[in-house]
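Listed below, chain by chain, are the residues.
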Amino acid sequence: MKKFVRRSVVTASMVSMLALAACADEATESEDEGDDGGEETAEEGDDEDDDSEEADDEDDIEVDEDVQSDEVVDLEDFDQIKDEGGDEILDDGSMNVAIVSDSPFEGILNWNFYFGTHDSQILSWFDEPLLQWDEDFVYNQEGAATYEVSEDNLTYTFEINEDVNWHDGEPVTAEDWQFAYEVIADPDYTGMRYGEDIMNVEGVVEYHEGEADEISGIEVIDDKTMEITFLEANPSIVTGGIWNYPLAKHIFEDIPIDEMEESDEVRQNPIGFGPYEVEDIVPGESVALSRNDDYWRGTPGLEEVTLQIVDPNVVANSLRSGDIDYATSFPADQYVDHMDADNLDFLATTDRAYTYIGFKLGEWDADAGENVMDDDAKMADVELRQAMGHAVDDEAIGENFYDGLRWDGTTLIPPSHPEFHDEDNPGLEYDVERANQLLDEAGYEDVTGDGFREDPEGEELVISFASMEGGDTAEPVAQYYIQSWEQVGLNVELLDGRLHEFNAFYDMVEEDEESIDVYQAAWTVGIDPDPGSLYGRTSPSNYSRYVSEENDEILAEGLSEEAFDVEYRQEVYNEWQEYMAENVPVFPTVYRAQVDAMNERVTNTSIGDGTGVYLYEIGVTEEEPVTE
């Protein structure tokens, strides 16, 4: 049983920050509802060396009384499914759903182009993947399409359910699925999905480079049947390596590919084949949905749904007052304060996500389609990066800011994937003495006597740190990291002296803004444990821009035929987790529990993967929200 206990004693370096706020969540970028790629997620001393040491003597620590809570939060105390059993849901029920954010949603409402977690939350209500997966993250036969695999594991034959139609009544066809691949593989494509999984389809690279007029490895057999042949068989194909979001060809085929992402068909009038269809969009603020009576699984449980941006600072009160019925990703730091609300229920699970600190080490070469490292980058020294990782106490962050609903992140494969997460790898453990030792040995010394270390050439070292807005705790957490690094003699300053709005922050990180040296961000990972889509040489989502031949080799080994043997693949990914902890292009700070909060009248809903409860089943049992 994993218990999360709020810590009663903290290090001296944290006392001033812990008193500032009970933190709200930063946003995350996330992977494509479990498929390929990643989804961005929304998050003192004197001049002497001993100022950087940890204060571990209880008698020497001033502890803020607000932090001395003994609240115990245990994930095993949460259900993953809420089902009222015999209670009848209303035929004409409606529901208000919060997208918890202090930033507007981007509004790229098509799976083939979107990149942010807020857009993905909206998309999941009106569109869905053709393939479904089980609790082990393996594609099963329960989705809108089924599949068969050849004996050599290279050719997959898919059949789309005859009842699967677009919201305008047109059938979802194999040509729509093929068209999605063609758009992503086109050189004019503006999204982020063209990566190794797509390139593993036979003929995709030739199509992308203009050497072929069609993708030879994709064959449309009939209206509802398609065959894909891959270049190499690997275990990732059935755990996220198939792009299974069709693109409505009858709508998009006359739109130039480089204009699709900004078109009204994506931004204002998006279409899908999910349980609800879009009626109205207020850009960045809300989306009104109505029941799709033609939904292939059956009649959805709600007549109307309104999705709206709700600030994390007010979402709890909005739930308690009945203004909001449902909030996915409820702020973990607020759970303890509201867990006893009479009219609310909570579901929780280990999230497929982590927050991390990244170091800018190069840039994305769009022409070459790969990341390129800069040996002269400010953060190129691995000892400097290791020291910054050892200088921060992430366990204390999770326990004191998030009541244990976040906890110390150790490796870049999170515990949501227990088969491949190396629980024996401690990562960069909190060790101020080791941080100072690394900096000393690497030649970072305070030669001017101002309390800050200069670089090995004796030049002033000022490190620019970018972090995003995200509620009450975003600023205190960012300042805690800055103070932690200051205690080992590093002069780290917040970029522009402030936090940055979610979309602006990721624009700067993606575009390799030269003023960023270090950044705090987050990923929601996909169902496939393969980390290549986030940390591979050809991944534009590899925001640190770190590359090496050894990293290439380990990642390739994880996708080899030998990796069909689960134990072998575990060994490979354990090696990769250790490699990344040693080379530190990024380091995870905290893992997280996902908490969903809902009004008492909401039923037939679940959280997490493989529960067997689908979104169309959600409903309400009373006409009005229950209030306190």
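Use the structure listed above.
So, how was this worked out
- Residues numbered from 1 in each chain as written.
- Predicted model: local features only at pLDDT ≥ 70, side-chain atom pairs only at ≥ 80, totals over all residues.
- Heavy atoms only, no water.
- Salt bridge = Lys/Arg side-chain N within 4 Å of Asp/Glu carboxyl O.
- Helix = DSSP H or I, 4+ residues; strand = E, 2+ residues; numbered from the N terminus.
- Buried < 20%, exposed > 50% of the residue type's maximum accessible area, 1.4 Å probe, protein only.
- Phe/Tyr/Trp six-rings, centres within 6.5 Å; stacked < 30°, edge-to-face > 60°.
- Polar contact = N/O pair within 3.5 Å; in protein donor to acceptor, adjacent residues only side chain to side chain.
- Contact = heavy atoms within 4.5 Å.
- Pairing = 2+ DSSP bridges.
- Right-handed = clockwise from strand over helix to strand, strands pointing away.
- Axes fitted to C-alpha atoms, helices over the stretch in contact; angles between N-to-C directions.
- Parallel < 35°, antiparallel > 145°, perpendicular 65-115°, else oblique.
- Left-handed = near helix turned anticlockwise from the far one by under 90°.
- Nonpolar A, V, L, I, M, F, W, Y, C, P; charged D, E, K, R; others polar.

S.K.: Could you give me a rundown of the pattern of salt bridges, with the residues and numbers involved?
M.R.: Opposite charge on two side chains permits them to pair, given that their charged atoms come into close proximity. Summed over the entire model, instances satisfying the criterion amount to 12 salt bridges. In this structure, the salt-bridge partner of Asp512 is Lys360, at a minimum N-O distance of 2.7 Å. Linking Asp512 in the loop between α15 (502-510) and β21 (518-524) with Lys360 in the loop between β15 (344-359) and β16 (362-365), this pair joins segments that are 152 residues apart in sequence. There is no split in this pair, since Asp512 and Lys360 are both buried. Each of Lys360, Asp512 and Arg545 takes part in salt bridges that share partners, so that together they form one network.

S.K.: Explain the packing of aromatic side chains to me, using residue names and the numbers behind them.
M.R.: Under the counting rule described, the total for this entry stands at 29 aromatic pairs. With a centroid separation of 4.9 Å and an interplanar angle of 35 degrees, the aromatic rings of Trp111 and Tyr245 are classed as tilted. Of this pair, Trp111 sits in the loop between β6 (94-100) and α2 (117-126) while Tyr245 sits in the loop between β10 (225-229) and α6 (249-252); the two residues are 134 residues apart in sequence, bridging distant segments of the chain. Ring centres 5.6 Å apart and planes at 50 degrees place the aromatic pair Tyr480 and Tyr481 in the tilted group. The burial state of Tyr480 is the same as that of Tyr481; both residues are buried.

S.K.: Let's hear about helix α12 (residues 394-401): which residues, and what values?
M.R.: The buried fraction of α12 is high, at 7 of 8 residues. Every buried residue of α12 is accounted for by Asp394, Ala396, Ile397, Gly398, Glu399, Asn400 and Phe401. The opening residue of α12, the one whose side-chain oxygen lies 3.4 Å from the backbone nitrogen of Glu395, is Asp393. Directly beyond the C-terminal end of α12, a positive phi value near 50 degrees is found at Asp403.

S.K.: Give a detailed account of the environment of Gly358, specifying residues and quantitative values.
M.R.: Relative to the elements of secondary structure, Gly358 occurs in strand β15. Separated by 186 residues in the primary sequence, Gly358 and Ser544 have C-alpha atoms spaced 6.0 Å apart. Sequence-distant contacts of Gly358, that is, excluding residues within four places in its chain, are made with Asp517, Val518, Tyr519, Pro585 and Val586.

S.K.: With reference to specific residues and values, describe the pairing of strand β20 (residues 491-494).
M.R.: As paired elements, strand β19 (residues 462-466) and β20 share 4 bridges and run parallel to each other. Across the sheet, the residue bridging to Ile463 is Val492, located in β20. For the segment spanning β19, helix α14 (residues 474-486) and β20, crossover handedness is right-handed.

S.K.: Hey, could you go over the packing of α12 against α14 for me, with residue numbers and the actual values?
M.R.: Where α12 meets α14, the axes come as close as 12 Å, and the angle between the chain directions of the two elements is 155 degrees. Classified by the interaxial angle, the pair formed by α12 and α14 is roughly antiparallel. Judged by the twist between their axes, the crossing of α12 over α14 is right-handed. Taken together, the residues of α14 that come into contact with α12 (itself represented by Asp394, Ile397 and Phe401) are Pro476, Val477, Tyr480 and Tyr481. Class assignment of the residues belonging to the contact of α12 with α14 gives a composition of 6 nonpolar, no polar and 1 charged.

S.K.: Which residues make up α15, and what are the values?
M.R.: When α15 is considered as a whole, its buried residues turn out to be Phe502, Asn503, Phe505, Tyr506, Met508 and Val509. Positive backbone phi, at 55 degrees, marks Asp512, one or two positions downstream of α15.

S.K.: Could you give an account of unusual backbone geometry, with specific residues and numbers?
M.R.: Trans peptide bonds make up most of the peptide bonds, and negative phi angles are found at most residues other than glycine. Notably, Asn153 is not glycine yet its phi reads approximately 65 degrees, a positive angle. By secondary structure assignment, the location of Asn153 is in the loop between β7 (145-149) and β8 (155-160). With a phi angle near 70 degrees, Arg545 is a residue other than glycine that sits in the positive phi range. Of note, Arg545 is situated in the loop between α16 (532-535) and α17 (549-557).

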